[in-house]
Amino acid sequence: MHETVLAQNLLAAILAEVAKHNAKPLAAKISCGQLSAVNDQALCFAFEAVAKDTPCQTTKLIIEHKPLQAACSRCSRTFDITLHTRRNLSQNTECHSERSEESPPSMTLTSSTKRQTQADRQGLVSKCPHCSSSDFQLLPDAPLMLEEIEFDRDQ
Amino acid sequence: MKKIKVAKKLLSENDRYAFENLVLLREKKILCLNMISSPGSGKTTILFRTIELLKDKTGIAVIEGDIQTDIDAQRLKVTGVPVIQINTQGACHLSAPQISDALKQLPLTNLDLIFIENVGNLVCPADFNLGEHAKIVVLSVAEGDDKPAKYPSIFAKSKALLVNKIDLLHSGAQIDFDLERVKIDSRVLNKDVKILPLSAKTGEGFTQWCDWLRRSVETLRL
């Protein structure tokens, strides 16, 4: 919802590098975690709008979503974790996405739109893949970062 | 063609202000809590009752965030504590520079506890640190028990979860809300989260909530 703020921050960060390198930015790679409220399409749209009539007007955005990680309290190992419910695991195969809420409307017209019955109302499930313990702590989510910029030439 | 590494945080400007705010709050030994929830979950009513219960022995102030109007600030000013209203003019969250300005308008030397009531929104405020010591998420039973699973970010980042309007569950109202499910899902996201069921309407659960606040204020003073 606040992609415009992010796009403005991103534009300023890229323009600062453009001034240093005196070259045209072809692409910019950014990364974020799983818990940031970032929608790729909305961010690209907002960036296009704020970058109009700047050296970034045609800069392509590459957005990498980094996995969420957890540390197991029993075996102390870390692992990538996907947040899903039991119901999604069994029924939501047509619309498998980390961001099922933000998928285009055409994709959500599956069984997931049905009213949940009491039996379906299962909570989040996740276990350590090493020792199967469900006693773990989420690690801090990856922050929003401008990772790298590809310029048209060396300078 | 040339690739260069940048590795710059995109919200670094906000984070810089947030850090300055936190340094100031630590220096003054003021506990600052960022209250986040959907619109209508009862943040303002919770604050009203909390302030009335604590204000005699605790110096409290409120920073109110709303897209428009000062309705909430006017409600809370009745309690007699300082209230600063921030109108975000459409923005979906408060940001750290706004809190920095608000802190300059508050009598910090007289304060022990500052509540920031964020814009009613369960999504965006979770991404913007304000310099607070902790985020507190409020969920009212009428919103449904699937919210921790559907909006994991704020539940993962909050130190305490207030489950409000708990009186509705034993009022005979037809509400599908399984408190156990909320507890289990919240603890998957944050196993140390403090979960406090309460009712701002009847006062149920406020003894535990106010005890938790007093202890948190005391811990900070040590």
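Every chain's residues receive numbers from 1 upward, in the order its sequence appears when written. Note on labels: chains are lettered from A, ligands numbered from 1, in written order. Where totals are concerned, whole chains, interfaces and linings use all residues; where local detail is concerned, this predicted model gives features only for residues with pLDDT of at least 70, and gives and counts side-chain atom pairs only at 80 or more.

Colleague: Is there a simple way to explain the overall build of chain A in this structure?
Modeller: Of the regular secondary structure elements, chain A holds four helices and six strands. For the purposes of this entry, the term helix denotes a DSSP run of H or I that reaches at least four residues, the term strand denotes a run of E that reaches at least two, and both are numbered from the N terminus. Reading chain A from its N terminus to its C terminus gives the helix and strand order α-β-α-β-β-β-α-α-β-β. With C-beta atoms placed from the backbone, a residue counts as buried when 20 or more other C-beta atoms lie within 10 Å of its own, as exposed when 12 or fewer do, and as partly exposed for counts between those limits. Within chain A, the proportion of its 155 residues that are buried is 27%. Note on contacts: each residue gets a C-beta atom placed from the backbone, and two residues are in contact if those atoms are within 7 Å. Long-range contacts, defined as pairs at least 24 residues apart, comprise 78% of the intrachain contacts of chain A with a sequence gap of at least 6.

Colleague: Would you explain the interface of chain A and chain B in this entry?
Modeller: Many structure descriptions define interface size as the accessible area lost when the parts assemble. Counting residues at the interface gives 32 residues for chain A, matched by 30 residues for chain B. For the side of chain A that touches chain B, the leading source of residues is strand S6 (residues 145-151) of chain A, giving seven residues. Each residue receives one of three labels: charged for Asp, Glu, Lys and Arg, nonpolar for Ala, Val, Leu, Ile, Met, Phe, Trp, Tyr, Cys and Pro, and polar for the others, Gly being one of them. Each residue belonging to the side of chain A that touches chain B can be placed in one class, and the counts come to 15 nonpolar, eight polar and nine charged. Both S6 of chain A and strand S1 (residues 2-9) of chain B contribute to a ladder of six bridges, which runs antiparallel. Counterpart to Glu150 of chain A in the pairing with S1 of chain B is Lys3 of chain B. Should DSSP find at least two bridges between two strands, the strands are regarded as paired.

Colleague: Teacher, can you tell me more about the environment of Ile84 of chain B here?
Modeller: Residue and element names in this part refer to chain B. Within the element layout of this structure, Ile84 appears in strand S4 (residues 83-87). Looking at Ile84, the number of C-beta atoms within 10 Å reads 20, which means it is buried. Between the alpha carbons of Ile84 and Val62 there is a distance of 6.4 Å; along the sequence they are 22 residues apart. Setting aside residues no more than four positions away along its own chain, Ile84 makes contact with Ile63, Glu64, Ala102, Gln105 and Leu106.

Colleague: What is the right way to read the sheet that holds strand S3 (residues 60-66) of chain B from this model?
Modeller: Each strand in a sheet pairs with its neighbour through backbone hydrogen bonds, running either in the same direction (parallel) or in the opposite one (antiparallel). All names here are of chain B. Across the sheet, which stays open at both edges, the seven strands sit in the order S4-S3-S5-S2-S6-S7-S8 with parallel pairing between neighbours. At either margin of the open sheet sits one strand with a lone partner, and together these are S4 and strand S8 (194-197). Across the sheet, the axes of successive neighbouring strands diverge by a mean angle of 20°, strand direction being ignored. The pairing of strand S7 (residues 160-164) with S8 spans four bridges and is classified as parallel. What sits directly across from Val163, in S8, is Pro197. Convention adopted: a line fitted to C-alpha atoms gives each axis, helices being fitted over their contacting stretch, and angles between N-to-C directions are expressed from 0 to 180 degrees. Sitting on the sheet, helix H2 (residues 43-54) touches strand S2 (31-37), S3, strand S5 (113-117), strand S6 (134-140) and S7, and the angle it makes with S5 is about 165°.

Colleague: What should I look at first to understand the confidence of the model for chain A in this one?
Modeller: Predicted coordinates in regions of low pLDDT should not be interpreted in detail. Per-residue confidence from the predictor is reported as pLDDT, a score between 0 and 100. Residue-level pLDDT values for chain A average 78, and 72% of them are 70 or greater. With pLDDT under 50 throughout, residues 86-121 of chain A is counted as low confidence; its partners more than four residues away or in other chains account for 27 contacts.

Colleague: Sorry if this is basic, but what is going on with the environment of Leu22 of chain B here?
Modeller: All names here are of chain B. By the secondary structure assignment, Leu22 is in helix H1 (residues 12-27). Here Leu22 falls in the partly exposed class, since 17 other C-beta atoms lie within 10 Å of it. As for Leu22 and Glu132, which are separated by 110 residues in sequence, their C-alpha atoms are 6.3 Å apart.

Colleague: Teacher, can you tell me more about the sheet that holds strand S2 (residues 60-65) of chain A here?
Modeller: Spatial ordering of the open sheet is given by S2(A)-S1(A)-S6(A)-S1(B), a layout of four strands whose pairing is mixed. The open sheet is flanked by S2 of chain A together with S1 of chain B, the only strands paired with a single partner. Each neighbouring strand pair of the sheet contributes to a mean axis angle of 20°, computed without reference to strand direction. Here strand S1 (residues 25-32) of chain A pairs with S6 of chain A via six bridges, running antiparallel.

Colleague: Help me understand H1 of chain B, please; the structure alone is not making it clear to me.
Modeller: What sets the pattern is the α-helix's 3.6 residues per turn: residues three or four places apart point alike. All names here are of chain B. End to end, H1 covers 22 Å across 16 residues, agreeing with the expected 22 Å (1.5 Å per residue, within 8%). All of the buried residues along H1 are Asn14, Ala18, Asn21 and Leu25. On an axial view of H1, the arc spanned by its buried residues comes to 60°, and they lie on one face. Turned more than 90 degrees from where H1 packs its buried face, Val23 and Glu27 sit exposed. The inward-facing, buried residues of H1 abut S2 and helix H4 (96-104). Taken from the residues just after H1, Lys29 is the one with a positive phi, measuring 55°. Here the expected length of a helix is defined as 1.5 Å per residue gap, with one fewer gap than residues. Directions from the helix axis toward the C-beta atoms define the arc.

Colleague: Help me understand unusual backbone geometry, please; the structure alone is not making it clear to me.
Modeller: Glycine aside, residues mostly have negative phi, and peptide bonds are mostly found in the trans state. All names here are of chain B. Of note, Lys29 is a non-glycine position whose phi angle comes to about 55°, a positive value. Take Lys29: it is sitting in the loop between H1 and S2. Among the residues examined, Lys29 registers 13 C-beta atoms within 10 Å and is labelled partly exposed. The backbone of Thr69 sits at a positive phi, close to 70°, despite the residue not being glycine. With respect to the helices and strands, Thr69 occurs in the loop between S3 and helix H3 (71-77). Take Thr69: there are 11 C-beta atoms within 10 Å of it, and that puts it in the exposed class.

Colleague: I tried to follow the packing of helix H1 (residues 3-21) of chain A against helix H2 (residues 40-51) of chain A on my own but got confused; where do I start?
Modeller: Between two packed helices, the angle of one axis relative to the other and the distance separating the axes together describe the packing. All names here are of chain A. In contact at an axis separation of 8 Å, H1 and H2 are set at 55° when each is read in the N-to-C sense. Comparing their axes, H2 and H1 come out oblique. Handedness of the crossing formed by H1 with H2: right-handed. Where H1 abuts H2, its residues Glu3, Thr4, Leu6, Ala7, Gln8, Leu10 and Leu11 lie against Ala42, Leu43, Ala46, Phe47, Val50 and Ala51. Classifying every residue of the contact of H1 with H2 gives 10 nonpolar, two polar and one charged. By the definition adopted for this analysis, an angle is roughly parallel if under 35 degrees, roughly antiparallel if over 145, roughly perpendicular if from 65 to 115, and oblique otherwise. A clockwise turn of the near helix away from the far one marks a right-handed crossing, whereas an anticlockwise turn of less than a right angle marks a left-handed crossing.

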